[in-house]
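Chain by chain, the residues:
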Amino acid sequence: MSKIGFIGLGIMGRPMAGHLLDAGHELVTVKRDKPLASELADKGMKELDDPKAVAEQSEIIITMVPDTPDVEHVLFAEDGVIHGLQKGALVIDMSSIAPIPTQEFAKRIKDAGGDYVDAPVSGGEGGAINAALTIMVGASQDAFERAKPILEVMGKTITLIGENGAGQTCKVANQIVVALTIEAVAEGLLFASKAGADVNKVRESLLGGLAQSKILDVHGERMISRNFEPGFKVKLHQKDLNLALEGARTLDLALPGTANAQQLLQACVANGGAEWDHSGILRSLEKLADHEVGK
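How each quantity is defined
Residues numbered from 1 in each chain as written. Predicted model: local features only at pLDDT ≥ 70, side-chain atom pairs only at ≥ 80, totals over all residues. Heavy atoms only, no water. Helix = DSSP H or I, 4+ residues; strand = E, 2+ residues; numbered from the N terminus. Rg over C-alpha atoms; globule rule 2.2 N^0.38 Å. Buried < 20%, exposed > 50% of the residue type's maximum accessible area, 1.4 Å probe, protein only. Contact = heavy atoms within 4.5 Å. Areas by Shrake-Rupley, 256 points an atom, 1.4 Å probe, with all protein chains shown as cover. Lys, Arg positive; Asp, Glu negative; His and termini not counted. Charge placed at Lys NZ, Arg CZ, Asp CG, Glu CD. Core = buried A, V, L, I, M, F, W, Y, C linked by side-chain atoms within 4.5 Å. Phe/Tyr/Trp six-rings, centres within 6.5 Å; stacked < 30°, edge-to-face > 60°. Lys NZ or Arg CZ within 6 Å of the ring centre and 35° of its normal. Pairing = 2+ DSSP bridges. Right-handed = clockwise from strand over helix to strand, strands pointing away.

What follows is about the overall build of the protein. Along its length, the protein carries 13 helices and nine strands. In summary, the protein has a C-alpha radius of gyration of 20 Å against a globular reference of 19 Å for 295 residues, a match within 12%. Residues classed as buried in the protein amount to 51% of the 295 residues present. Considering only contacts within the protein whose residues lie at least 6 apart along the sequence, 66% involve residues at least 24 apart. Total accessible area on the protein stands at roughly 13,500 Å², and carbon and sulfur atoms take up 51% of it. The protein carries 29 positive and 40 negative side-chain charges, and their two centres are separated by 3 Å.

In this structure, Phe6, Ile62, Ile92, Met94 and Leu151 are the most contacted members of the largest nonpolar core, which totals 34 residues. Elements with a contribution of two residues or more to this core: β1 (3-7), α1 (13-22), β4 (60-63), β5 (90-93), β8 (133-138) and α7 (141-154). Examining the composition of this core, we find that six residues originate from one element, α7, more than from any other. Beyond its immediate chain neighbours, meaning those up to four positions away, Leu151 contacts Ile92, Met94, Ala119, Ile135, Val137 and Ile158.

Within this structure, the stated rule accounts for one aromatic pair. Between Arg108 and the ring centre of Phe76, over which it is positioned, the NZ or CZ distance is 3.8 Å. The lysine or arginine in question, Arg283, covers the ring of Trp276, its NZ or CZ lying 4.1 Å from the ring centre.

Let us look at the environment of Gln168. In this structure, Gln168 sits in helix α8 (residues 166-194). Looking at Gln168, the relative accessible area reads 1%, which means it is buried. Residues Gln168 and Met94 lie 74 residues apart in sequence; the distance between their C-alpha atoms is 9.2 Å. Other than its neighbours up to four places away in sequence, Gln168 contacts Asp93, Ser95, Ser96, Ile97, Ala98, Pro99, Thr102, Asp118 and Pro120.

Once that is clear, we can look at the pairing of strand β6 (residues 115-118). Bridging between β5 and β6 involves four bridges; their strand directions are parallel. Counted as the bridge partner of Asp93 is Asp118 from β6. Remark: the β5/helix α5 (residues 99-111)/β6 crossover connection has right-handed handedness.

Quick look at the structure:
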C-alpha cells in the first residue's frame, strides 16, 4: 500500500480518491475552505496545509485540477509540491491540460529527483464513481509500470500512449470526438423533435443501429429528460477545445468541426450555462431553432 497525496477533490476527484482509500492506500490532501467530504474523512483521509506538506508525506502525488495554470501552481508555487518532493517520488497528473507545458512540468519534476506521469481520464462522473475510467498515459515505461497498479484502482482501460505529453495529446483528441458526437446527437434529436417524432422512440431505434454510441445512450437520455446537472461542465469542455484549437494553429491544422462545437459551448456560457453538463450544447441549438426537444 502506498502513501498518496491527492490534490483536487472535485466532481471526479472525490470518488477517485475514495477508491484509493477503499483499496487500503493512505491518503492526504490539501486543506480547503469547505470541510472534507465525510465519506473521505471517515475512511481516514487527512488534510495538510499546502501541496508542499502533502509532498513531504507522500510517495505518490496525484493532481486532478481544472486547467494548466492550476497544475503549475500546485506543483511549482512557493508552497508547491516540488519544494516537498521526496527523492524518487512519482507525480501523476490526471487533469486535462496542454501537452507542451506537460512536457515542461515533467522535466522540472525529474530534475528535482522525482518522476512524472500524465494520465488524463475520460468517462465523466459516472466513470469515476464506478472506477471505470479510460486513462491515457504519457510516461516512460518504468514510470508507467509503477503508476499502473494505482491507475487500475480508478480505471478500466489504461493505455500507455507514449512519452510525457502523449497522454494529454490523446485526451485532447478524445475531447474533440466527444464534443462533436454530443453535437451530432443534439442535432439529431432536435431534428426529430421539430419534425414531430417521439424522441424517446427515435433514440431507442438509433441505439440499435450504426448511430449507436455511449454518448447517444447517456447524453441523449440527459437531453430528453433535460437533466443538465454537471457530470462534466461546459466550461471545462470549452477549455479542452480551446487547447485543441491552439494546438491546431501550431500544427497548421484546420479543425472546423471543433471550432463550431467550441462556439456552441461559448453560446452556453453566454446564456449562463458555464456550469451545465456539456450535453447542454443542445440548449444552444434549441435557441437557434426556437424549439425545445420534446415539445
